[in-house]
Amino acid sequence: MKLPTVALVGRPNVGKSTIFNKIVGEKISIIEDTPGVTRDRIYSEASYRDYKFNVIDTGGIDASNESFNDNIKIQAMIAIDEADVILFIVDGKESITSNDLLVRDMLRSSGKPVIVVINKVDNKKTQENIYDFYELGFDTYLPVSGEHGIGFFELLDEIVKHFPKKDYFKEDNRLKFSVIGRPNVGKSSLINALLNEERVIVSDVAGTTRDAVDTVLKYNDEEFVIIDTAGMRKKGKIYENIEKYSYMRSMKAIDRSDICLLVINAEEGIIEHDKHIAGYILEKGKGLIIVVNKWDKVSDPNIKEYIKKIRNEFQFLSYAPVVFTSALTKKRIHTIMPEVLKVSENIKREISTNVLNDVINDAYMLNIPPSYKGKRLKIYFTNQSGVKPPKFTFHVNNKGLVHFSYQRYLENKLRENFELEGTPIVLQFKNRSE
């Protein structure tokens, strides 16, 4: 059953992101004093009593003509359309503004249940301001303090009154893949092309996507969760707190994913930071697909030569499939999801112990490791000890005799014999006595 959805809507800097984080119990949405920090719709899941529900944070709706305001309004309207309950967040320390009235007009036409959440009510003076907001014309008004955590039990009780009386607890087994890359490589455009809708703000300004945004893609009657992330910058180039949070969330997005799509700008080619990002993905043990975007901009496109270049630059990722796309023209977009399906099978691939030992024994006899100080590595037994990514444990006489080059040889033999494209594999060595 589809989870109920709660959307947070309001003008800039009224504390929507603080309230969002309190409800979901995690620091997911950026909290800054700077108005307009949240630009896209931010999704997360929350639970209260016997209910589980989705929560959407949105950008501040502003009547002014500044950059992104029209896009933010569109994003908020989509969130309102998706919502079952809307939290209209206002600032209890201020009186009603023209932007509050703009939001009111949008919500009146939605026909959805609206709870006016009067935030920043943490002293006697702000409590006296509560009644001023009744002129907005809605039925329910609740004072809270997002900063001090006041009023949230009452708020959550009011929210769940609008939910059907059902048990919504259900484990999310949908495959999650994130779209990762440095700024301005076309990640948001790529997701829009996959979804075939304007779900994420797209702009030529590098770093437009500051928050990680979860969206759902249906493909071959199966649902997948796509995690869009902020463009990752080198640590030394992060000057603002906003950028720091975005960087941290990008790392968390990798951690939450089953598979990462590493997006490279075909025009600019591979740079050192692309390798750093790939290293993060490898370190987390995630499935990986390299997506070369903006392929339509390359003057002399030669896929074979470009793949050679990628294999040379990413020597530690020889197992990763490479796809070439243009999010702008949507050419070759159809090649992405088949690779996602293939890698999703490979990251959870299980190999029977008998077959695994036959392959390892043959590999050992074909290339017996050299002796070291009169001692030679012996492999007694191998078993698979995990998935996502596949992990293999080698029971040996002395793990100190395992040379890096021989470990690489064993990994190559596993890849030659089993379908493991797109997934890292972990080799562990244990002494027989351990």
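Q: Residues and numbers for the overall build of the protein, please.
A: When helices and strands are tallied, the protein shows 12 helices and 15 strands. Taking as baseline every contact in the protein between residues at least 6 positions apart, the subset at least 24 positions apart corresponds to 71%. Counting every atom, the protein has about 20900 Å² of accessible surface; 47% of that belongs to carbon and sulfur.

Q: Residue-level account of the environment of Glu223, with values.
A: Inspection of the secondary structure puts Glu223 in strand E9 (residues 222-228). What makes Glu223 partly exposed here is its relative accessible area of 36%. Measuring from C-alpha to C-alpha, the distance between Glu223 and Leu175 comes to 7.8 Å, with 48 residues separating the pair along the chain. In this structure, Glu223 is in contact with Arg174, Leu175, Val216, Leu217 and Lys218, ignoring residues within four places of it in sequence. There is a polar contact of 3.0 Å between the side chain of Glu223 and the side chain of Arg174.

Q: Explain the pattern of salt bridges to me, and be specific about the residues and the numbers.
A: The final tally for this structure, using the stated rule, is 18 salt bridges. Salt-bridge contacts for Asp274 lead to Arg182; the nearest nitrogen and oxygen are separated by 2.9 Å. In this pair, Asp274 is assigned in helix H8 (residues 272-283) and Arg182 in the loop between strand E7 (175-180) and helix H6 (187-195), connecting sequence segments 92 residues apart. Taken individually, Asp274 and Arg182 each receive the classification buried, so the pair is uniform in this respect. One salt bridge in this structure joins Lys275 and Glu313, with 2.7 Å as the shortest N-O distance. Of this pair, Lys275 sits in helix H8 while Glu313 is found in helix H9 (residues 303-313), placing the two residues 38 residues apart along the sequence. It is possible to trace a salt-bridge network through shared partners that takes in Arg11, Glu94 and Asp100.

Q: Describe the sheet that holds strand E15 (residues 426-431), with residues and values.
A: An order of E13-E14-E15 is seen for the three strands of this open sheet, with the pairing classed as mixed. The open sheet has two free edges, formed respectively by strand E13 (379-386) and E15, since each of these has just one partner strand. The sheet shows a mean angle of 25° between the axes of neighbouring strands, direction not considered. Here E13 runs beside strand E14 (residues 391-396); their pairing, made up of six bridges, is antiparallel. Each bridged residue has a counterpart across the sheet, and for Ile379 the counterpart in E14 is Val396.

Q: Now, about the side chain of Asp91: what can you tell me, with residues and values included?
A: Along the polypeptide, Asp91 turns up in strand E4 (residues 85-91). There is a polar contact of 2.9 Å between the side chain of Asp91 and the backbone nitrogen of Lys93. At a separation of 3.1 Å, a polar atom in the side chain of Asp91 contacts the side chain of Lys120. With residues up to four places along the chain from it excluded, the contact list for Asp91 reads Arg11, Asn13, Val14, Asn119, Lys120 and Phe133.

Q: Describe the pairing of strand E10 (residues 259-265), with residues and values.
A: Burial of E10 is extensive: seven of the seven residues sit out of reach of the surface. Burial along E10 is two-sided: Ile259, Leu261, Val263 and Asn265 facing one way and Cys260, Leu262 and Ile264 facing the other are all buried. Pairing of E7 with E10 involves four bridges; the strand directions are parallel. Across the sheet, Ile180 pairs through a bridge with Leu262, a residue of E10. Direction of pairing for E10 relative to strand E11 (residues 287-293): parallel, over a ladder of seven bridges. In the sheet register, Ile264 faces E11, and the bridge partner there is Val292. Viewed along the sheet, the connection from E10 through H8 into E11 turns out right-handed.

Q: Before we move on, can you summarise helix H3 (residues 98-108) with the specific residues and values?
A: Every α-helical turn comprises 3.6 residues, leaving residues that sit three or four positions apart pointing alike. The complete set of buried residues in H3 reads Asn99, Asp100, Val103, Arg104, Met106 and Leu107. Along the long axis of H3, the arc covered by the buried residues comes to 165°, so they all point the same way.

Q: Give a detailed account of the environment of Phe381, specifying residues and quantitative values.
A: Relative to the assigned elements, Phe381 resides in strand E13. Remark: the alpha-carbon pair of Phe381 and Asn354, spanning 27 residues in sequence, is separated by 10.0 Å.

Q: Just give me the short version of the packing of helix H11 (residues 353-366) against helix H12 (residues 404-417), but keep the residues and values in it.
A: How two helices sit against one another is set out by the angle between their axes and by the gap between those axes. At a minimum axis separation of 10 Å, H11 and H12 run at an interaxial angle of 130°. It follows that H11 is oblique to H12 by the angle criterion. Where H11 crosses over H12, the handedness of that crossing is right-handed. On H12, the residues touching Leu356, Val359, Ile360, Ala363, Tyr364 and Leu366 of H11 are Tyr406, Tyr409, Lys413, Leu414 and Asn417. Residue composition of the contact of H11 with H12, grouped by class: nine nonpolar, one polar and one charged.

Q: Help me get a handle on the packing of aromatic side chains, residues and values and all.
A: For the structure on display, the rule yields 11 aromatic pairs. Residues Phe53 and Phe163 carry aromatic rings whose centres are separated by 5.4 Å and whose planes lie at 50° to one another, so their mutual orientation is tilted. Highlighted residues: Phe53 in strand E3 (residues 51-57) and Phe163 in the loop between helix H5 (152-160) and E7, separated in sequence by 110 residues. With relative accessibility at 1%, the residue Phe53 sits in the buried group. Between Phe314 and Phe316, the ring centres sit 6.4 Å apart and the planes meet at 65°, which makes this aromatic pair edge-to-face. Judged by relative accessible area, which is 1%, Phe314 ranks as buried. On the accessibility criterion, Phe316 (32% relative accessible area) is partly exposed. Here Arg432 stacks its cationic end above the ring of Tyr380, 3.7 Å away from the centre of that ring.

Q: Explain unusual backbone geometry to me, using residue names and the numbers behind them.
A: With an omega dihedral of 0°, the bond running from Lys388 to Pro389 counts as a cis peptide bond. As for its position among the elements, Pro389 is in the loop between E13 and E14. Positioned with a positive phi, Lys294 is a non-glycine residue whose angle comes to about 65°. Considering the arrangement of structural elements, one finds Lys294 in the loop between E11 and H9. When its relative accessible area of 19% is taken as the criterion, Lys294 is described as buried. Backbone geometry at Lys330 places phi at a positive 65°, although glycine is not the residue there. With a relative accessible area of 41%, Lys330 lands in the partly exposed category.

Reading the values: rules and limits
- Residues numbered from 1 in each chain as written.
- Predicted model: local features only at pLDDT ≥ 70, side-chain atom pairs only at ≥ 80, totals over all residues.
- Heavy atoms only, no water.
- Helix = DSSP H or I, 4+ residues; strand = E, 2+ residues; numbered from the N terminus.
- Contact = heavy atoms within 4.5 Å.
- Areas by Shrake-Rupley, 256 points an atom, 1.4 Å probe, with all protein chains shown as cover.
- Buried < 20%, exposed > 50% of the residue type's maximum accessible area, 1.4 Å probe, protein only.
- Polar contact = N/O pair within 3.5 Å; in protein donor to acceptor, adjacent residues only side chain to side chain.
- Salt bridge = Lys/Arg side-chain N within 4 Å of Asp/Glu carboxyl O.
- Pairing = 2+ DSSP bridges.
- Axes fitted to C-alpha atoms, helices over the stretch in contact; angles between N-to-C directions.
- Right-handed = clockwise from strand over helix to strand, strands pointing away.
- Arc of directions from axis to C-beta.
- Parallel < 35°, antiparallel > 145°, perpendicular 65-115°, else oblique.
- Left-handed = near helix turned anticlockwise from the far one by under 90°.
- Nonpolar A, V, L, I, M, F, W, Y, C, P; charged D, E, K, R; others polar.
- Phe/Tyr/Trp six-rings, centres within 6.5 Å; stacked < 30°, edge-to-face > 60°.
- Lys NZ or Arg CZ within 6 Å of the ring centre and 35° of its normal.

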